[in-house]
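Here are the chains, one letter per residue:
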Amino acid sequence: MRRKNLPVARPAFDELAHAEVFLQVVRAKSFTIAAKVLGKSTSTLSRMVAELERQLGAQLIARTTRRLHLTEAGALYATHAEGLLATQRAGRDAVAELMGGVPRGHLRVSMPVSVGERLLGPYVPELRRRHPELRLELDLSDRNIPLVQGGFDLAIRVGRLADSSLRAQLLTKVAVRLVASPTYLAEHRAPTHPDQLRDHDCITLGVVAGSQEWPFHRRGARPRHVVVDGIVHTTSPTLAGQLATSGLGIARCIEWVVREELRRGELVEVMPGWSCDHPSDGGIPVYVVYAQTASAAPPLKSRVFVELVREIIAREALELPRRR
């Protein structure tokens, strides 16, 4: 009897695997670079993205000879894919931690650029020594990217938080210093009262450019609010400190951004008798925000990272130059 040729069964579609490939291509902005990262061939990645598009019924990536562009559908799916993969990682890591009792897996953390570069960066090797089975990905951005949609496990946030159902903890409050270089102060008479800042070159910082109102407080004196026009405006706290160090003018900087320059005497505090922070505030709040809701406990890998962050903040508080 002649046997009929049976149809070959197609392998089941693994959306998570295809989504991971898609996201790696998006991050690398190149099939070739993504292939090297994943250890696969470029043709394999191209086939997987094409299959994902076929399953979804929409084009995700527009390919040109030089660049890749996300379509509207691609940008929408990327956000949801990050959440899918984050959930998968959380499940695997939770089981691994339960079985082994040690933090392991992939930990993705979002934080402002100045926090990563000026505060936490030097301590990353220490985290690796303590927890060698933990893979760390630090995303430095001054934009508050949504945690779940961005696929992050936790985030460090500086400033007041928007209302959220996610779990958040106050880490510390950091002072703001008014600083300038000795060179600048040698060429310009150092101000002794906030009103005198109107006659000085000021470096402004923030999302919105233009005139800024700088508040000052001192015991026994009425609060002062001075409007300054920056000769240079930037959205980068680190750059503001660097410009002040170069002698360009006076800047308001979070303490840890300029700690090294203050230690070395490259910057000095201006008007130390006046505080940039309201006495009731005690400084700008710094929070850790977890991807879990307020009712859910964060996983061990997140807790050990936050534990190290708290240690770092305590060490830096001891080493920072004191107000005169």
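Quick caveat: nothing in here was measured; it's all calculated off a predicted structure. (Residues numbered from 1 in each chain as written. Predicted model: local features only at pLDDT ≥ 70, side-chain atom pairs only at ≥ 80, totals over all residues. Heavy atoms only, no water.)

Structural notes on the confidence of the model for the protein
Using the following cut-off: pLDDT measures how confident the predictor is about each residue, on a scale from 0 to 100. Here a helix means four or more residues in a row that DSSP labels H or I, a strand means two or more in a row labelled E, and each is numbered from the N terminus.
Across the protein, the average pLDDT comes to 84, with 90% of residues at 70 or higher. Confidence scores differ between elements of the protein, with helix 7 (residues 147-150) showing the lowest mean pLDDT of 73 and helix 8 (residues 182-187) the highest of 95.

Regarding helix 1 (residues 15-28)
Using the following cut-off: One less than the residue count of a helix, multiplied by 1.5 Å, gives the span that helix is expected to have. The term polar contact refers here to a pair of N or O atoms within 3.5 Å; inside protein, the definition further demands a hydrogen-donor-capable atom paired with an acceptor-capable atom, and it admits residues adjacent in sequence only when both atoms are side-chain atoms.
Over its 14 residues, helix 1 runs 20 Å from end to end, which matches the ideal 20 Å to within 8%, given 1.5 Å per residue. Backbone nitrogen of L16 and a side-chain oxygen of the N-cap are separated by 3.3 Å at the start of helix 1; the cap is D14. Within two residues after helix 1, K29 carries a phi angle of roughly 60°, on the positive side.

What to know about the sheet that holds strand 5 (residues 154-158)
Note the threshold: DSSP bridges decide pairing: two strands pair if at least two such bridges lie between them. In this description, a line fitted to the C-alpha atoms serves as the axis of each element, helices being fitted only across the stretch in contact, and the angle between N-to-C directions of two axes falls anywhere from 0 to 180 degrees. Every residue pair with non-hydrogen atoms within 4.5 Å of one another is taken to be in contact.
Strand order in this open sheet of five strands is 4-3-5-14-6, and the pairing throughout is mixed. Both outer strands of the open sheet, strand 4 (134-140) and strand 6 (166-174), are each paired with one neighbouring strand and no more. On average, each strand axis in the sheet is tilted by 20° relative to the strand beside it, whichever way the strands run. Strand contacts of helix 5 (residues 113-120): strand 3 (105-111), strand 4 and strand 5, with the helix running at about 110° to strand 3, the strand carrying the most contacts.

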